[in-house]
Amino acid sequence: DLPVVAGVLYGIKPAVTAIVVFAAYRIGSKALKNAVLWALAAAAFVAIFVFDAPFPAIVLAAAILGAIGGRLAPDKFKAGGGHGASNKAYGPALIDDNTPVPDHARFSWVRITTFLGVGLTLGVGVFGMLMALYGWQGTLTQMGWFFTKAAFLTIGGAYAVLPYVYQGGVEQYGWLTGPQMIDGLALGETTPGPLIMIVTYVGFIGGWTKQVFGPDLLGLGGVAGALVATFFTFLPSFLFILVGGPAIEASRHDIKLAAPLTAITAAVVGVIINLAVFFAWHVLWPQASTAAPFAGRLEWFSLVVGIAAFLALWRYKVDIMKVIGACAVAGLAYTLLAGG
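Below, the structure is looked at part by part. Nothing here was measured: the structure is a model prediction, and the numbers come from that model.

**Some points on the packing of aromatic side chains**
By the definition in use, this model includes 24 aromatic pairs. Taken together, a centroid distance of 5.8 Å and an interplanar angle of 75° make the contact between F146 and Y173 edge-to-face. Taken together, the positions of F146 in helix α5 (residues 139–151) and Y173 in the loop between α6 (158–172) and α7 (178–189) put the pair 27 residues apart, joining distant regions of the chain. Across the pair, exposure class does not vary: F146 and Y173 are buried alike. For the pair F152 and F240, a centre-to-centre distance of 5.2 Å together with 90° between the ring planes defines the contact as edge-to-face.

Listed below in structure tokens is the structure:
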């Protein structure tokens, strides 16, 4: 509610929209190598934007289509290099394609069983404790279950899973509002660390809003929500790395595995574009709702800032933090002048 904070966020929000659009452009320019993958991206966008299809269903459908396509038209589903070719020589690398696989990355049933045992014990133990204390319908229990599912959908990074987090956190459980979700993403873009850490913010706001420890302990309830969201998001991720790493090393050139992942990446581009549309809608028409999608006045200043931020990122390759900083200053100046 502070004018200074509100002004800074007012400038950052359109910058965040531009960053999401730019992310879709960067991923799409590398991943969508042919018309088939373009069609998958378009189909994913229509599915989630028009039909409100759940993100897990989109990922599963893309994986199935990729598996089929890898057999029928393998050339269309080959995993392309994301960094482009280069004729420059930089000398021998410490780790390259000919480097022997280290012991810790070799497939071992003993190691896999150990990691799975420890990971499942931690996850089931904490979830069982939440069930015993708060029951299945408890806010913290539902957070544990929801963010565990979200962890399995982080294919494509935070931008891809954010629509699912929005669907659950805002629409299904009511842990936070749409504008609060955009505030969280704005804050996430300005802080160090991976953007997926926005789940910690969602958990905190949810624990605070739902008063999990009562109205007198709102801060403690928020911390509990943040801890639960973070724990159940990252535990499966660590298991993926420790258990799945050796399998990836052994099969990364296998078309049977590459084709579904290539198709999923294409679908993720469509999902990220939908995320950009969602943020642009809330930023340009903050008073709008599903029943009245264009209610209230158009925020023309946000439109100008968003376009300028995208051009700075796309055309002039300006550093993201500089773009965010400039937009924050512009938003603060505009709101102070308008208020005065």
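**Let's talk about unusual backbone geometry**
We note that D52 has phi near 55°; this positive angle belongs to a residue other than glycine. By secondary structure assignment, the location of D52 is in the loop between α2 (35–49) and α3 (55–72). For D52, a relative accessible area of 46% gives the class partly exposed. Positive phi outside glycine occurs at K317, with the angle close to 55°. With respect to the element layout, K317 can be found in the loop between α11 (300–314) and α12 (320–339).

**Some thoughts on helix α4 (residues 109–134)**
End to end, α4 covers 36 Å across 26 residues, agreeing with the expected 38 Å (1.5 Å per residue, within 8%). By the burial criterion, the buried members of α4 are I112, G119, G123, F127 and L130. Directly beyond the C-terminal end of α4, a positive phi value near 80° is found at G135.

**Focus on the packing of helix α1 (residues 3–31) against α7**
Interhelical geometry of α1 versus α7 gives an angle of 80° and a closest axis separation of 9 Å. As judged from the angle between their axes, α1 and α7 are roughly perpendicular. Along its contact with α1, which presents L9, I12, K13, V16, I19 and V20, the element α7 presents I182, D183, L185, A186, L187 and E189. In terms of residue class, the contact of α1 with α7 is made up of nine nonpolar, no polar and three charged.

**Here's the deal with the packing of α6 against α7**
Where α6 contacts α7, the two axes come as close as 10 Å, and the packing angle between them is 145°. Of the two elements, α6 crosses α7, and the hand of that crossing is right-handed. The residues of α7 that touch α6, namely those facing Y159, L162, V165, Y166 and V170, are G178, M181, L185 and E189. A class-by-class count of the residues in the contact of α6 with α7 yields seven nonpolar, one polar and one charged.

**Describing a nonpolar patch on the surface**
On the surface, Y25, L298, L303, I307, L311, W314, Y316 and V318 cluster together to form a nonpolar patch covering roughly 730 Å² of accessible area. Residue contributions to the nonpolar patch peak at four residues, all from α11. With respect to the element layout, L298 can be found in the loop between α10 (255–284) and α11. Given the relative accessible area of 37%, L298 is considered partly exposed.

**Here we look at the pattern of salt bridges**
Any two side chains of opposite charge can pair if their charged atoms end up close together. In total, this model carries two salt bridges according to the counting rule given. A salt bridge links D183 to K13, with the nearest nitrogen and oxygen atoms 3.0 Å apart. Pair noted here: D183 is in helix α7 and K13 is in helix α1, with a separation of 170 residues, a long-range link. On the basis of relative accessibility, which here comes to 18%, the residue D183 falls in the buried class. Under the relative-accessibility criterion, K13 is labelled partly exposed at 22%.

**A look at the environment of S302**
Along the chain, S302 turns up in helix α11. Judged by relative accessible area, S302 falls into the buried class, the value being 3%. Taking C-alpha positions, S302 is 7.7 Å from Y10, a pair spaced 292 residues apart along the chain.

**Focus on the nonpolar core**
If you look at the biggest cluster of nonpolar residues, it comprises 73 residues, and the most contacted ones within it are V20, I58, F147, Y159, W175, M181 and L185. Ranked by residue count, the leading element in this core is α1, at eleven residues. Once residues lying within four places of it in the same chain are set aside, the contact partners of F147 are W175, V199, V202, A229, F232 and T233. By size, the runner-up hydrophobic cluster in this structure holds nine residues, among which are L37, A41, A259 and A263.

**A closer look at the layout of surface pockets**
A volume near 610 Å³ is recorded for the second largest pocket. Around the second largest pocket, the lining comprises 24 residues; the ones closest to its centre are F49, Y166, E171, F278 and W281. Put simply, the parts of the chain that give the lining of the second largest pocket at least two residues each are α2, α6 and α10. Here the lining of the second largest pocket takes seven residues from α10, the largest share from any one element. Partitioning the lining of the second largest pocket into residue classes produces 17 nonpolar, five polar and two charged.

Definitions and limits used
Residues numbered from 1 in each chain as written. Predicted model: local features only at pLDDT ≥ 70, side-chain atom pairs only at ≥ 80, totals over all residues. Heavy atoms only, no water. Phe/Tyr/Trp six-rings, centres within 6.5 Å; stacked < 30°, edge-to-face > 60°. Helix = DSSP H or I, 4+ residues; strand = E, 2+ residues; numbered from the N terminus. Buried < 20%, exposed > 50% of the residue type's maximum accessible area, 1.4 Å probe, protein only. Expected span 1.5 Å × (residues − 1). Axes fitted to C-alpha atoms, helices over the stretch in contact; angles between N-to-C directions. Parallel < 35°, antiparallel > 145°, perpendicular 65-115°, else oblique. Contact = heavy atoms within 4.5 Å. Nonpolar A, V, L, I, M, F, W, Y, C, P; charged D, E, K, R; others polar. Left-handed = near helix turned anticlockwise from the far one by under 90°. Patch = residues over 30% accessible without salt bridge, like charges linked within 9 Å, V, L, I, M, F, W, Y side chains within 5 Å. Areas by Shrake-Rupley, 256 points an atom, 1.4 Å probe, with all protein chains shown as cover. Salt bridge = Lys/Arg side-chain N within 4 Å of Asp/Glu carboxyl O. Core = buried A, V, L, I, M, F, W, Y, C linked by side-chain atoms within 4.5 Å. 1 Å grid on protein atoms, 1.4 Å probe; cavity = no way out; pocket = protein on both sides within 12 Å on 5 of 7 lines; lining within 4 Å. Points joined across faces, edges and corners; volume = space filled by probe spheres on them.

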